[in-house]
Amino acid sequence: MAFIGKRLLRGLAGLALAMAALPFSLRAQVDVVTTTPDLADLTRRIGGEHVRVHPLTTGNEDLHLVTVRPSFLVKVHRADVFVQQGLDAEHAWVPALLDKAKNRAVRFGGAGFCDASLGITPMQVPARVTREAGPDLHPRGNPHYNLDPRCMRIAARNVRDCLVRVDPQHRKAFEQGFERFLEDVDDHVARWRKLLEPCRGRGFIENHMSWVYFADAFDLRIVAALEARPGLPPSASYLAEVIEVAKREHVGLVVARPRFAELAERVARACGAEARVLQLGSTTSDKGWFEFMDATVATFARALTPEARRGGERGVEPGAKPGAEPDAGRRGT
Amino acid sequence: MTTSWSSWFTLLALLGVGVFGASSSLPAQDGALRPDGRGDPNVEATLERYRRDLDLLREELRAVRREQESQNSQNSQNSQNNRNQNTSPSQGAGQGQGAPGIALPGSTFPGVALPGSPLQGNRRGLAVGGQTTIFDNIFNPAISLIGDFVVAGSDQKDSFERLNRFTLRDLELGFVGRVDPYSSYQVYLHFDEDIGVEIEEAYVFLDNALPDTFELKAGRFNRDFGKLSALHDHDLPMLDKPQVLQEYLGGSVRGTGVELHHWLGLSDTSTLRWSLGIANSLDSDSHTIFGPAAGHDHGHEEEGVEPFGKRRFENFGFHGRATAVFETGPTSTLQVGGSVAYAPKVVRFFEDALMTPFKATFETRIAGVDATYRDYDEASGTGFVTVAEALWSSRELSDDGIVRRDVDAFGFYAYAEAFVARQWSLGASGGRFEHAEDASERSSDYGAFATWRIDEFQRLRLEARRFEDPGQDSFGVSLQWTVILGTHGHGIYW
């Protein structure tokens, strides 16, 4: 037994030496954990083969109300880099997760902590931080900047910088990935702007304060929100007011998260608009952020272009996903 | 990423290349190179990267300017709106604007205060004297207030003081803050109409100092035992803690001492957490509204120990818990756990036939197992949770200090709650237990509750419950209104 033990020990030592002799680049991948599939896609595009990316959420959840699961703790505990959307988007679970995961490398202040929102100019920053303005108030501003390609360029820069910080050996590859991402964004933005050009200035209704970055990026107009205050369900009188405003402003589209589909449908029917169920980012079943944006832009273009408003169908498709939009991918590319 | 071995090896290899390569290779003599490095592909690539970054910064700056221009116009519009007191949806939720009542501030950079912005304010001290003074609020702890207001009706007799009345069951004042990079300090004070003020919890939490995933609590706090006993009453899924917890543990197991925590990953999708604690004694704390155990009760089991000699090891209370959580599906988890507690030898005093005082010591042991299955779809806000916990209690008792008896008792509770919509849940719970001091007597209760979470900070709950007890059966209905002000827990529930 002792002989076997010594041989085993020598074998393990030899294996360890052999592992050490392997070039770093051949076996080391940076383990990246992201809070959203959007950030996972972004990181994969920048990091390429040098990163292994694990999104914690599927994109179907309300990012503000995620329950920490055992796999979250295990992944973050082992991670080299943690990328969050920031601006309080994940305030209900990320601080506790980082605290309990006990991985100093990815805690705030660690080299592997990446707040993708750094440098982004937040919109809808409340002048008065009071719950009177709504229970879901975001003191640092609206966190849904992933709907704006300009902001995603800045987020990409933050991710690149963090990857370089953690794995400087692959600096060049990360910079190349970043450059490619920027070029892709430029290409897509040109197409998206062209597609939405006929819709400039047109109004739509959202269920929650989520689409302001998208509206700003593509010169669209948010006429009203289905929630009277962020996080508060609307009263009947408030909804009547919304419908009246929507009619007056000739609103063509009501967008809502899946759980507000019924409400969006009701309002859309009342004001002659189209209701669409849209997520606020890509999901793990989508191909990535560009494809999500392709489909989202196509949805808006289809509902808001003057031709569509005049003769287009007025179908309500609760439960339809952006990717399920007919011709969505083709229209966007 | 495993870097230790490989990094050292790579470093050594590079050093080797550098040493041995230095004599054989001279720097490239490229005539196109300029003294400042222009023409060198590496330098050019770096410059190009900096240009790109500069472009992005310019883009950010343009966005900031656009934003500030928009703010100026928005602020003036808001002032106008405030004057008009008009909050129609079309005015509040336009492009680049917030919902009614929301406007853009003076500063667009988080944490950076522009002159005259609300962030800068009019603080004295730092702003005036250039030094932080005792009149500054920076570094002060975050404060929270939780109110738990109950109106309850019951057919229970002798309940004039406790039932068929309005009750401010709990006013909890919380202070939490970082002491330093290694620890935080958390204090929760309980106020109620009957007893005034009580230290509910006050502990130092060493959460960033120990190796691996270890954490240490020191102070007075609810001990880690079972699924529901450590929860504050306003955090419960129903009005009161289950009767069996009241009977065997006195509600919450509380004590002054230390508690060590650790967790580890069992697999990619499961974790095991364990804790061990020691305390002067295992006290109880209960603020029960309904049932035979109703009332505010504290059990300080160590009373009488101090005046008689020094504290011995056997006078301490011990407890431990281990719990594993497994992901059983994309939206579901299964948690199983086991807890044990040893209450210290209680010293009680008796008199013998000659009226001579003598003391006797008694022990209590409690063990419990629990299981929780949760399936919650966060996309729709619907799902359900089921929890069951069984407890065994073993106590040494005596009426005269001479004749002793051991009482072993068993009890359990279970509940299920269905989250039928984002704001609404319906639940039912029940339990049965043998009395801890006389196992031949049994009590049970069952009830149903409906909870309306108006929002994250306000909740209403209606509950009806029936109690069957050797003393008296009873039935009650309650309406509970809970509100939260300020910072509040977003922890990991395991």
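Everything quoted here is computed from the prediction, not taken from an experiment.

Caption draft 1: Region of the structure containing the overall build of chain B. In terms of helices and strands, chain B carries five helices and 18 strands. Partitioning the contacts of chain B with sequence separation of at least 6, the portion at a separation of at least 24 is 55%. With an accessible surface of roughly 25,800 Å², chain B has 60% of that area assigned to carbon and sulfur atoms.

Caption draft 2: Highlighting the packing of helix 3 (residues 37-47) of chain A against helix 11 (residues 289-304) of chain A. All names here are of chain A. Remark: helix 3 packs on helix 11, axes separated minimally by 9 Å, with the N-to-C direction vectors making an angle of 125 degrees. Here helix 3 lies oblique to helix 11, going by the angle between them. Residues Asp38, Asp41 and Arg45 of helix 3 form the contact with helix 11, whose own contacting residues are Trp289, Phe290 and Glu291. Looking at the contact of helix 3 with helix 11, its residues break down into two nonpolar, no polar and four charged.

Caption draft 3: Spatial organisation of the sheet that holds strand 1 (residues 30-34) of chain A. Residues and elements named next belong to chain A. On the basis of which strands lie adjacent, the open sheet formed by four strands has the order 2-1-3-4 and parallel pairing. With partners counted over all chains shown, the strands left at the sheet margins are strand 2 (51-55) and strand 4 (113-115), one partner each. Here the strands of the sheet are splayed against their neighbours by 20 degrees on average, with no regard to which way each runs. Contacting strand 1, strand 2, strand 3 (81-84) and strand 4, helix 6 (residues 149-166) crosses the sheet at an angle of about 170 degrees to strand 4.

Caption draft 4: Main features of the nonpolar core. Residues and elements named next belong to chain A. One finds Trp211, Phe214 and Phe300 to be the most contacted residues of the largest nonpolar core, which totals 60 residues. Counting residues per element, this core draws most heavily on helix 6, which supplies 10 residues. Sequence-distant contacts of Trp211, that is, excluding residues within four places in its chain, are made with Leu147, Phe204, Glu206, Ile222, Val255, Leu278, Gln279, Leu280, Thr296 and Phe300.

Caption draft 5: How the structure looks around the confidence of the model for chain A. Residues and elements named next belong to chain A. On average, chain A scores 85 in pLDDT, and the residues at 70 or more come to 84%. Ranking the elements of chain A by mean pLDDT puts helix 13 (residues 328-332) last, at 30, and strand 3 first, at 98. Within the model, the stretch residues 19-25 combines pLDDT values under 50 with 16 contacts to residues more than four positions away or in other chains. Ignoring residues within four places in sequence, the model shows residues 311-333, a span with pLDDT below 50, making 47 contacts including any to other chains.

Caption draft 6: View of the pairing of strand 6 (residues 221-225) of chain A. All names here are of chain A. Taking burial as the measure, the five residues of strand 6 include four buried ones, the bulk of the element. Summarising the sheet, strand 5 (residues 203-206) and strand 6 pair through four bridges and their orientation is parallel. By the bridge assignment for strand 6, Gly203 is matched with Arg221. Where the polypeptide runs from strand 5 across helix 8 (residues 212-217) and back to strand 6, its parallel neighbour, the crossover connection is right-handed.

Caption draft 7: Layout of the pattern of salt bridges. In this structure the tally under the stated criterion is 40 salt bridges over all chains. In this structure, Arg52(A) and Asp31(A) form a salt bridge, with 2.9 Å as the shortest nitrogen-oxygen distance. In this pair, Arg52(A) sits in strand 2 while Asp31(A) sits in strand 1, placing the two residues 21 residues apart along the sequence. Look at Arg52(A) and you get partly exposed, because its relative accessible area is 38%. Taken together, the shared-partner salt bridges in this structure form one network comprising Asp224(B), Arg273(B), Arg321(B) and Asp370(B).

Caption draft 8: Main features of the sheet that holds strand 8 (residues 274-277) of chain A. All names here are of chain A. One open sheet holds the four strands; their spatial order is 6-5-7-8, and the pairing between them is parallel. In this open sheet, the two edge strands, each paired with only one partner strand, are strand 6 and strand 8. Strand-to-strand twist across the sheet, computed as the mean angle between neighbouring axes with direction ignored, equals 30 degrees. Against the sheet, helix 9 (residues 236-248) touches strand 5 and strand 6, its axis set at about 155 degrees to strand 6.

Caption draft 9: The arrangement of the side chain of Gln335(B) in detail. All names here are of chain B. Structurally, Gln335 is set in strand 11 (residues 332-351). By relative accessible area, Gln335 is classed as buried at 4%. A distance of 2.8 Å separates the side chain of Gln335 from the side chain of Thr323, its partner in a polar contact. Every residue in contact with Gln335, bar those within four places of it in the chain, is listed here: Lys227, Arg321, Thr323, Ala324, Val325, Asp370, Ala371, Thr372 and Trp494.

Caption draft 10: Quick look at the pairing of strand 8 (residues 283-288) of chain B. Residues and elements named next belong to chain B. Strand 8 sits mainly inside the fold: six of its six residues count as buried. Alternating positions in strand 8 separate into two faces, Asp283, Asp285 and His287 on one and Ser284, Ser286 and Thr288 on the other, with burial throughout. Inspection of the sheet shows strand 6 (residues 252-267) paired to strand 8 by three bridges, in the antiparallel sense. The partner of Arg254 across the bridge, within strand 8, is Asp283.

Caption draft 11: Spatial organisation of the environment of Trp289(A). Residue and element names in this part refer to chain A. Structurally, the position occupied by Trp289 is in helix 11. Separated by 143 residues in sequence, Trp289 and Asn146 place their C-alpha atoms 8.8 Å apart. Apart from the residues lying within four places of it in its own chain, the contact partners of Trp289 are Asp38, Asp41, Asn146, Pro149, Met152, Phe181, Val185, Trp192 and Ser282. A distance of 2.9 Å separates the side chain of Trp289 from the backbone oxygen of Asn146, its partner in a polar contact.

What counts, and where the lines are drawn
Residues numbered from 1 in each chain as written. Chains lettered and ligands numbered in written order. Predicted model: local features only at pLDDT ≥ 70, side-chain atom pairs only at ≥ 80, totals over all residues. Heavy atoms only, no water. Helix = DSSP H or I, 4+ residues; strand = E, 2+ residues; numbered from the N terminus. Contact = heavy atoms within 4.5 Å. Areas by Shrake-Rupley, 256 points an atom, 1.4 Å probe, with all protein chains shown as cover. Axes fitted to C-alpha atoms, helices over the stretch in contact; angles between N-to-C directions. Parallel < 35°, antiparallel > 145°, perpendicular 65-115°, else oblique. Nonpolar A, V, L, I, M, F, W, Y, C, P; charged D, E, K, R; others polar. Pairing = 2+ DSSP bridges. Core = buried A, V, L, I, M, F, W, Y, C linked by side-chain atoms within 4.5 Å. Buried < 20%, exposed > 50% of the residue type's maximum accessible area, 1.4 Å probe, protein only. pLDDT = per-residue confidence, 0-100. Right-handed = clockwise from strand over helix to strand, strands pointing away. Salt bridge = Lys/Arg side-chain N within 4 Å of Asp/Glu carboxyl O. Polar contact = N/O pair within 3.5 Å; in protein donor to acceptor, adjacent residues only side chain to side chain.

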